[in-house]
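# Remarks on the overall topology
Next come the chains, spelled out residue by residue.
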Amino acid sequence: MDDETPDRRRPSLSLLGRIAEALELEREPLFEPCEAKPFIDTRRKTSPAKSTDRVWHDFKSNRQMLARHDVTGPELKTLSQVSLNGKITAPRNFIFILNSIREAAEEEA
């Protein structure tokens, strides 16, 4: 049976890439390896430090996200220290961490 059924769509690789970018997801898990080869450059692997630096830069530069989540200056300073951990893979992860910190602070109060 063909994958092209009325209930399934096969978006283009460029559309999947734009969706992944908009949702801040990694692209690789979205693609089947045989279809993704022209789209994913497997030769360029950045070091975790560079990758985390980029994620931190993207997060702190995203004024819309910061405003939506009411991120304060002191919270940004704390999250910048968290970014030094080197294991944050997506800007939205900083929001998860921030919400966890906020929740812990509320429990302490």
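Not measured: the values here are computed from a predicted model. (Residues numbered from 1 in each chain as written. Predicted model: local features only at pLDDT ≥ 70, side-chain atom pairs only at ≥ 80, totals over all residues. Heavy atoms only, no water.)

## Details of a negative patch on the surface
Quick note on the threshold: Distance thresholds for patches are 9 Å for like charges and 5 Å for nonpolar side chains (Val, Leu, Ile, Met, Phe, Trp, Tyr), applied to residues having over 30% relative accessible area and no salt bridge. Method for areas: the Shrake-Rupley scheme with a 1.4 Å probe, in which residue coverage is limited to the protein chains shown. Only one rule defines a salt bridge in this text: a Lys or Arg side-chain nitrogen within 4 Å of an Asp or Glu carboxyl oxygen. Counted as positive: Lys and Arg. Counted as negative: Asp and Glu. His and the chain ends are not counted at all. Charge coordinates come from a single atom per side chain, which is NZ of Lys, CZ of Arg, CG of Asp or CD of Glu. To qualify as a helix, a DSSP run of H or I must reach at least 4 residues; to qualify as a strand, a run of E must reach at least 2; elements of each kind are numbered from the N terminus. Each residue gets one of three labels from its accessible area relative to the maximum for its type: buried under 20%, exposed over 50%, partly exposed in between, using a 1.4 Å probe on protein chains only.
On the surface, a cluster of negative charge is contributed by Glu103, Glu106, Glu107 and Glu108. Assignment of secondary structure puts Glu108 in helix H6 (residues 91-108). Under the relative-accessibility criterion, Glu108 is labelled exposed at 71%.

## A look at the confidence of the model for the chain
Reading predicted coordinates in detail is not appropriate for stretches of low pLDDT. Stated precisely, the cut-off is as follows: Across the chain, each position has a pLDDT score giving the predictor's confidence in that residue, from 0 to 100.
Across the chain, the average pLDDT comes to 76, with 66% of residues at or above 70. Confidence, expressed as mean pLDDT per element, reaches its minimum in the chain at helix H2 (residues 33-36) with 52 and its maximum at helix H4 (residues 63-68) with 94.

## So, the side chain of Glu75
What counts here: Every residue pair with non-hydrogen atoms within 4.5 Å of one another is taken to be in contact.
Within the secondary structure, Glu75 is located in helix H5 (residues 73-83). Residue class for Glu75 comes out buried when judged on its relative accessible area of 18%. The residues contacting Glu75, other than those within four sequence positions of it, are Asp70, Leu98 and Arg102.

## A look at the pattern of salt bridges
Applying the stated criterion across every chain yields a total of 2 salt bridges. Across the pair Arg54 and Asp58 runs a salt bridge, and its minimum N-O distance is 3.0 Å. Note that Arg54 and Asp58 are positioned in helix H3 (residues 48-61) at a spacing of 4 residues, about one turn of the helix.

## Some remarks on the nonpolar core
So the rule is basically this: Joining through side-chain atoms within 4.5 Å is the link that ties buried Ala, Val, Leu, Ile, Met, Phe, Trp, Tyr and Cys residues into a set, and such a set is a nonpolar core.
The biggest cluster of nonpolar side chains holds 11 residues, and these are Val55, Trp56, Phe59, Met65, Leu66, Val71, Leu79, Ile88, Phe94, Ile95 and Leu98. When neighbours within four sequence positions are excluded, Phe94 is seen to be in contact with Val55, Trp56, Phe59, Leu79, Ser83 and Ile88.

## Considering the packing of aromatic side chains
Geometry of an aromatic ring pair is reported as the spacing of the ring centres plus the angle between the planes. As a reminder of what qualifies: Pairing of aromatic rings covers Phe, Tyr and Trp, the last counted by its six-membered ring, and requires centre-to-centre distances within 6.5 Å; plane angles under 30 degrees mean stacked, over 60 mean edge-to-face, and any other angle means tilted.
On inspection of all chains with the given rule, the structure shows 3 aromatic pairs. Ring geometry for Trp56 and Phe94: centres 5.1 Å apart, planes at 65 degrees, overall edge-to-face. Residue Trp56 is located in helix H3, and its partner Phe94 is located in helix H6; the two are separated by 38 residues in the primary sequence. You'll find Trp56 and Phe94 in the same group, each marked buried.

## Describing a nonpolar patch on the surface
There is a patch of nonpolar side chains on the surface, built from Leu15, Ile19, Leu23 and Leu25 and spanning about 310 Å² of accessible area. Relative to the elements of secondary structure, Ile19 occurs in helix H1 (residues 13-22).

## A closer look at H5
Given 3.6 residues per turn, any residue in an α-helix points the same way as the ones three and four places further on. Operational definition: Comment: arc refers to directions from the helix axis out to C-beta atoms.
Of all the positions in H5, only Glu75, Leu79 and Ser83 are classed as buried. Axial view of H5: buried residues confined to an arc of 85 degrees, hence all on one face. Turned more than 90 degrees away from the buried face of H5, the exposed residues are Pro74, Lys77 and Gln81.

## Topic: H6
Rules: Working rule for helices: expected span equals 1.5 Å times residues minus one.
A rise of 1.5 Å per residue sets the reference length of H6, with its 18 residues, at 26 Å; its end C-alpha atoms lie 27 Å apart and thus fit the reference within 8%. Taken residue by residue, H6 has Pro91, Phe94, Ile95 and Leu98 as its buried positions. One side of H6 carries all its buried residues, which in axial view fall inside an arc of 100 degrees. Opposite the buried face of H6, by more than 90 degrees, sit the exposed residues Phe96 and Glu107.

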